[in-house]
There are 2 protein chains.
Amino acid sequence: MTPLVRSFVAHFGEMGSRWGINRTVGQIYALIYVSQRPLNADEIGEALEFSRSNVSMGLKELQAWRLVRLKHQAGDRREYFDAPSDAWEVFQILAEERRRREIEPTLSMLRNALLEKPATEEDSVAQERMRGMHELIEMLTTWFDEVQHMDRTTLSQLMKMGSRVQKLLEFTGKVKVIAGGKTGKTIK
Amino acid sequence: MTPLVRSFVAHFGEMGSRWGINRTVGQIYALIYVSQRPLNADEIGEALEFSRSNVSMGLKELQAWRLVRLKHQAGDRREYFDAPSDAWEVFQILAEERRRREIEPTLSMLRNALLEKPATEEDSVAQERMRGMHELIEMLTTWFDEVQHMDRTTLSQLMKMGSRVQKLLEFTGKVKVIAGGKTGKTIK
DNA sequence: CTGAATTTACAGTAATTACTGAAAATTGAA
DNA sequence: TTCAATTTTCAGTAATTACTGTAAATTCAG
């Protein structure tokens with residue numbers, strides 16, 4: 001590993017432990033992510049000085065996260081792995097997986113809690129707070145769902161626009177009348 | 001604790017360990033979040049059956065995350081804590097803290113790596129991948145920054161609109177000519 | 001100031017999580 | 001099929017992280 005790769009890998013190791021995924025797994029992912037070609041478990045173990053079995057476990061976890069993909073090389077029996085190199089794709093995968101693992105269970109818990117009849121004054125207040133949390137999460141995930149289905153050009157256009165969308169919305173409110181009157185079109 | 005609160009607290013305990021914050025801290029937060037009134041360390045320790053010192057450490061961490069606030073009660077020397085109950089506010093705090101702790105260090109590492117002259121072919125490829133990651137993170141955080149400064153009405157309007165913004169953008173492209181011609185206004 | 005109430009620090013221990021090596025299982029070329 | 005190559009599993013151990021009790025520090029009413 002060159003110093004450049006080494007520092008990237010080290011950073012992912014440290015960050016990894018900051019959120020659920022452990023140091024080893026973070027390092028393995030980082031190595032694969034920046035690698036030009038798919039790597040096999042021995043190469044990874046050698047580069048990072050991990051035991052073969054540790055690498056195997058790490059790869060299994062990364063596959064469960066869909067962050068690495070198994071690639072077979074012609075005429076080689078060993079399993080090679082690479083990672084989607086497009087950052088936006090990686091972001092989407094991460095978002096989906098975290099949603100499945102963290103958001104959905106939480107929403108489900110909240111939904112159940114909100115169905116209960118509050119037994120006490122305390123319960124009513126608690127339920128109120130939970131309702132707020134539930135509403136926000138639903139709103140954010142619904143929105144994110146939709147955004148994911150937008151084409152990337154629109155998306156980047158929208159992001160570059162940033163808070164100026166606000167002006168667009170205000171402006172459109174006025175424009176609708178003029179344009180709608182002229183063209184017969186309205187914005188649904 | 002009522003069963004309702006108990007299950008909420010338990011869920012946060014489990015989820016807590018899934019991302020960096022530990023079980024205890026998650027439970028303390030959950031308890032404070034749904035509580036009607038500020039709680040002191042003894043009350044928390046009693047409700048959750050944690051030692052006094054464990055509660056103290058947990059509260060310190062939650063304060064560092066700005067997820068709980070110290071509130072003094074008149075005529076009581078003990079320290080009481082409550083949590084912002086508005087879910088959107090909590091979301092913003094979390095976003096800011098995670099940004100500071102995770103995003104910023106990563107951006108900084110990436111920026112440094114991108115300044116290096118690639119020593120090998122491998123390095124060039126690695127740098128290319130890092131550049132992609134850096135660009136996406138910059139774009140997302142810049143955008144998120146701006147969104148945070150939008151007023152909440154616009155924001156919720158925008159979210160409810162979801163992917164229909166896409167249509168709005170397309171439509172506006174056409175409308176600009178008509179409306180601009182009529183009113184002299186253009187969208188900056 | 002003083003000292004009781006309260007919070008914090010920290011060393012020791014418990015619990016959890018990560019890692020290894022060896023053995024078992026699987027795979028696929030011959 | 002067979003068997004060597006390869007991957008996976010898992011029990012044991014190492015390392016890390018979480019938790020407790022005690023002692024020290026801090027705070028503030030009197």
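Note that the structure is a prediction, hence the values are computed from the model and not measured.

Student: Could you clarify how one ought to interpret the sheet that holds strand S1 (residues 39–40) of chain B in this entry?
Tutor: Each strand in a sheet pairs with another by means of backbone hydrogen bonds, the pair being arranged parallel or else antiparallel. Residues and elements named next belong to chain B. Across the sheet, three strands lie side by side as S1-S3-S2; this open sheet has antiparallel pairing. Looking at the sheet topology across the chains shown, the edges are occupied by S1 and strand S2 (69–72). Looking at chain direction, S2 and strand S3 (residues 79–82) are connected through four bridges and run antiparallel. Note on S3: the bridge partner recorded for Arg69 is Asp82.

Student: What is the right way to look at the environment of Gln166(A) in this model?
Tutor: With respect to the secondary-structure elements, Gln166(A) resides in helix H8 (residues 164–183). Overall, Gln166(A) belongs to the buried group, its relative accessible area being 16%.

Student: When you look at the interface of chain A and chain B in this model, what are you seeing that I'm missing?
Tutor: The extent of an interface is frequently quoted as the accessible surface area lost upon association of the parts. Every contact between the two is made by 69 residues of chain A and, on the other side, 69 residues of chain B. Buried surface at the junction of chain A and chain B, both sides included, amounts to about 6,800 Å², of which 72% is carbon and sulfur. Linking chain A to chain B there are zero salt bridges. Applying the counting criterion to the chain A and chain B interface returns 14 residue pairs in polar contact (both at pLDDT 80 or more).

Student: Can you help me understand the relation of the copies chain A and chain B in this one?
Tutor: These two copies of the chain differ by a rotation about an axis and a displacement along the same axis. Between chain A and chain B, the superposition needs a rotation of 180° and an axial shift of 0.0 Å, giving an RMSD of 0.1 Å. On this basis, the relationship between the two copies can be described by a two-fold rotation axis. The C-alpha atom lying nearest the rotation axis in chain A is that of Trp19(A); the distance is 2.3 Å. Here 100% of the contact residues of chain A are again contact residues in chain B; the copies associate through an equivalent surface.

Student: What should I look at first to understand the protein's contact with DNA strand D in this one?
Tutor: Taken together, 16 residues sit near DNA strand D, with Arg52(A), Arg77(A), Thr24(B), Ser53(B) and Arg77(B) positioned nearest. Among the atoms of DNA strand D close to the protein, meaning within 4 Å, 62% are from sugar or phosphate groups. Contact between DNA strand D and Arg77(A): a base nitrogen at 2.8 Å from a side-chain N or O atom of the residue. One of the side-chain N or O atoms of Arg23(B) is found 3.3 Å from a phosphate oxygen in DNA strand D. Elements represented by at least two residues in the surface near DNA strand D include exactly helix H4 (52–64) of chain A together with helix H2 (23–34) and helix H4 (52–64) of chain B. For the surface near DNA strand D, the element with the highest residue contribution is H4(A), accounting for five residues.

Student: Is there a simple way to think about the sheet that holds strand S1 (residues 39–40) of chain A in this case?
Tutor: Reading across from one edge, S1-S3-S2 (chain A) is the order of the three strands in this open sheet, with antiparallel pairing throughout. One side of each edge strand has no neighbouring strand; the edge strands of this open sheet are S1 and strand S2 (69–72) of chain A.

Student: Teacher, can you tell me more about helix H6 (residues 121–149) of chain B here?
Tutor: Each full turn of the α-helix corresponds to 3.6 residues, which orients residues three or four apart in the same direction. The terminal C-alpha atoms of H6(B) lie 43 Å apart, and with 29 residues this matches the ideal 42 Å at 1.5 Å per residue to within 8%. At the N-terminal boundary of H6(B), the capping side chain belongs to Thr120(B), with an oxygen 3.3 Å from the backbone nitrogen of Glu122(B).

Student: I'm lost on the protein's contact with DNA strand C in this one. Help?
Tutor: Surrounding DNA strand C, one finds 16 residues, the nearest of these being Thr24(A), Ser53(A), Arg77(A), Arg52(B) and Arg77(B). The contact atoms of DNA strand C, taken as those within 4 Å of the protein, divide so that sugar and phosphate hold 60%. Interatomic distance of 3.1 Å between a side-chain N/O atom of Asn54(A) and a phosphate oxygen of DNA strand C. One of the backbone nitrogen or oxygen atoms of Glu79(B) is found 2.8 Å away from a phosphate oxygen of DNA strand C. Elements with a contribution of two residues or more to the surface near DNA strand C: helix H2 (23–34) and H4 of chain A together with H4 of chain B. The element that contributes the greatest number of residues to the surface near DNA strand C is H4(B), accounting for five residues. For the surface near DNA strand C, the residue count by class is two nonpolar, seven polar and seven charged.

Each value, and the rule that gives it
- Counting of residues starts from 1 at the beginning of each chain's written sequence and follows it residue by residue.
- Following the order in which they are written, the chains are lettered starting with A and the ligands numbered starting with 1.
- Confidence filtering applies because this is a predicted model: local features only for residues at pLDDT of at least 70, side-chain atom pairs given and counted only at 80 or more, and all residues used for totals across whole chains, interfaces and linings.
- With hydrogens and water stripped out, all remaining heavy atoms of the structure feed into the side-chain values.
- In this analysis, strands are considered paired if DSSP registers two or more bridges between them.
- Helical segments are the DSSP runs of H or I of at least four residues, strand segments are the runs of E of at least two, and each set is numbered from the N terminus.
- Working definition: with a 1.4 Å probe on protein chains only, accessible area under 20% of the residue-type maximum means buried, over 50% means exposed, and in between means partly exposed.
- We call two residues in contact when some of their heavy atoms are within 4.5 Å.
- The term buried area refers to how much accessible surface (probe radius 1.4 Å) is lost by two components on association, counted for both of them together.
- Counted as salt bridges are all cases of a side-chain nitrogen of Lys or Arg within 4 Å of a carboxyl oxygen of Asp or Glu.
- Any N or O atom pair separated by 3.5 Å or less is treated as a polar contact, with the protein-specific requirement of one donor-capable and one acceptor-capable atom, and with residues adjacent in sequence counted only for side-chain atom pairs.
- Least-squares superposition aligns the copies on the C-alpha atoms of those residues with pLDDT at or above 70 in both.
- For this purpose, a residue is taken to be near a molecule or strand whenever a single non-hydrogen atom of the residue falls within 4 Å of it.
- The span you would expect from a helix comes to 1.5 Å times its residue count less one.
- All amino acids are sorted into three groups, where Ala, Val, Leu, Ile, Met, Phe, Trp, Tyr, Cys and Pro are nonpolar, Asp, Glu, Lys and Arg are charged, and the leftover types, Gly among them, are polar.

Spatial relationships are all this shows, so hold off on functional conclusions.
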